[in-house]
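Architecture and fold: a report
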Amino acid sequence: QVQLAESGGGLVQSGGSLKLSCTASEDTFNSYTVGWFRQAPGKQREFVAAHSWREPHTGYADSAKGRFTISRDNATNTVFLKMNSLSPDDAAVYYCNENRWGSIYSMLAIDFSRWGQGTQVTVSA
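Scope of this entry: the structure provided in the associated data block. Each chain has its residues counted from 1, following the order in which its sequence is written. Residue-level local features of this predicted model are given only where pLDDT is at least 70; pairs of side-chain atoms are given and counted only at 80 or more, and the full residue set underlies all totals for whole chains, interfaces and linings. By convention in this description, side-chain values take in all heavy atoms of the structure and omit both hydrogens and water.

1. Thoughts on the state of the cysteines
- Cysteine sulfur atoms are paired as a disulfide whenever they come within 2.5 Å of each other. In this structure the tally under the stated criterion is 1 disulfide.
- Each sulfur of the disulfide joining C22 and C96 lies 2.1 Å from the other. Given an S-S torsion of about 75 degrees, the disulfide between C22 and C96 has right-handed geometry. Note that C22 is positioned in strand 3 (residues 18-24) and C96 in strand 9 (residues 92-99), a separation of 74 residues in sequence. For the residue pair C22 and C96, the accessibility class agrees, reading buried in each case. Secondary structure is summarised from DSSP: a helix means a run of H or I of at least four residues, a strand means a run of E of at least two, and numbering begins at the N terminus for each. Only protein chains enter the calculation, and the probe is 1.4 Å; a residue is then buried if its accessible area is under 20% of its type maximum, exposed if over 50%, and partly exposed in between.

2. Here we look at the side chain of R72
- Tracing the backbone through its elements, the reader meets R72 in strand 7 (residues 68-73).
- Between N or O atoms, a polar contact is any pair within 3.5 Å; within protein, one atom must be a potential hydrogen donor and the other a potential acceptor, and residues adjacent in sequence are included only when both atoms are from side chains. A polar side-chain atom of R72 sits 2.8 Å from the main-chain carbonyl oxygen of F29.
- Here Y32 takes part through its backbone oxygen, which lies 2.6 Å from a polar atom of the side chain of R72.
- Not counting chain neighbours up to four residues away, the residues in contact with R72 comprise F29, N30, Y32, T33, V34, H51, S52, W53, T78 and V79. Here a residue-residue contact requires only that any non-hydrogen atoms of the pair lie within 4.5 Å.

3. Re the packing of aromatic side chains
- Classification of ring pairs uses Phe, Tyr and Trp, with its six-membered ring standing for Trp, and accepts pairs whose centres are within 6.5 Å; under 30 degrees between planes counts as stacked, over 60 as edge-to-face, and the remaining range as tilted. All told, the structure shown has 7 aromatic pairs when counted by the stated rule.
- Between the aromatic rings of F37 and F112, the centroid separation amounts to 5.7 Å while the plane-to-plane angle is 70 degrees, which identifies the pairing as edge-to-face. Of this pair, F37 sits in strand 4 (residues 33-39) while F112 sits in the loop between helix 1 (106-109) and strand 10 (119-124), and the two are 75 residues apart along the sequence.
- Residue F37 is classed as buried on the basis of its relative accessible area, which comes to 5%.
- Here F112 falls in the buried class, since its relative accessible area comes to 12%.
- Aromatic pair F112 and W115: ring centres 5.5 Å apart, planes at 70 degrees, arrangement edge-to-face.
- Within the aromatic cluster, the residues linked to one another by ring pairs are F37, F47, Y95, F112 and W115.
- Only Lys NZ and Arg CZ are tested; either one counts as a charge over a ring when it is within 6 Å of the ring centre and within 35 degrees of the ring normal. A cation over an aromatic ring shows up here: R45 above the ring of W115, its NZ or CZ 3.8 Å from the ring centre.
- The positively charged end of R54 is found above the aromatic ring belonging to W53, 6.0 Å away from the centroid.

4. Things to note about the sheet that holds strand 7
- Criterion used throughout: strands pair if DSSP finds at least two bridges between them. Strand order in this open sheet of 4 strands is 1-3-8-7, and the pairing throughout is antiparallel. In the strand order of this sheet, the two ends are held by strand 1 (4-7) and strand 7, each with one partner. This sheet shows a mean twist of 15 degrees between the axes of neighbouring strands, independent of strand direction.
- Two strands pair when backbone bridges link them, and strand 7 and strand 8 (residues 78-83) are joined in this way by 6 bridges, in the antiparallel orientation. Across the sheet, the residue bridging to R72 is V79, located in strand 8. In this analysis, axes come from line fits to C-alpha atoms, helices being fitted only over the stretch in contact, and the angle between any two N-to-C directions falls in the range 0 to 180 degrees.

And the structure:
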């Protein structure tokens, strides 16, 4: 099973930007659908964005539309999440996960049993 590693989190001021990375252990990663999720303290984990080899290629939660961009670099087996105009509401641990053959919609339906360490995003007011 492919191993995923999240990185790129940190502390940023409100209105600032961060770029998160989700790097895979397999070179076939370009055929995986990958999603970003986040979990704030005391809240359930929620979907943020997904990127797929299938159409449609990208999808976003309403909270991410217009501010976040998901992209992929097949050469480095990495899926990125560029986050702009961050607010304290975006503070959370961000995780990525995969569904090899599914569409972006599948990322909303799957009850993933395995998660990585995630990367912490902190936004100061």
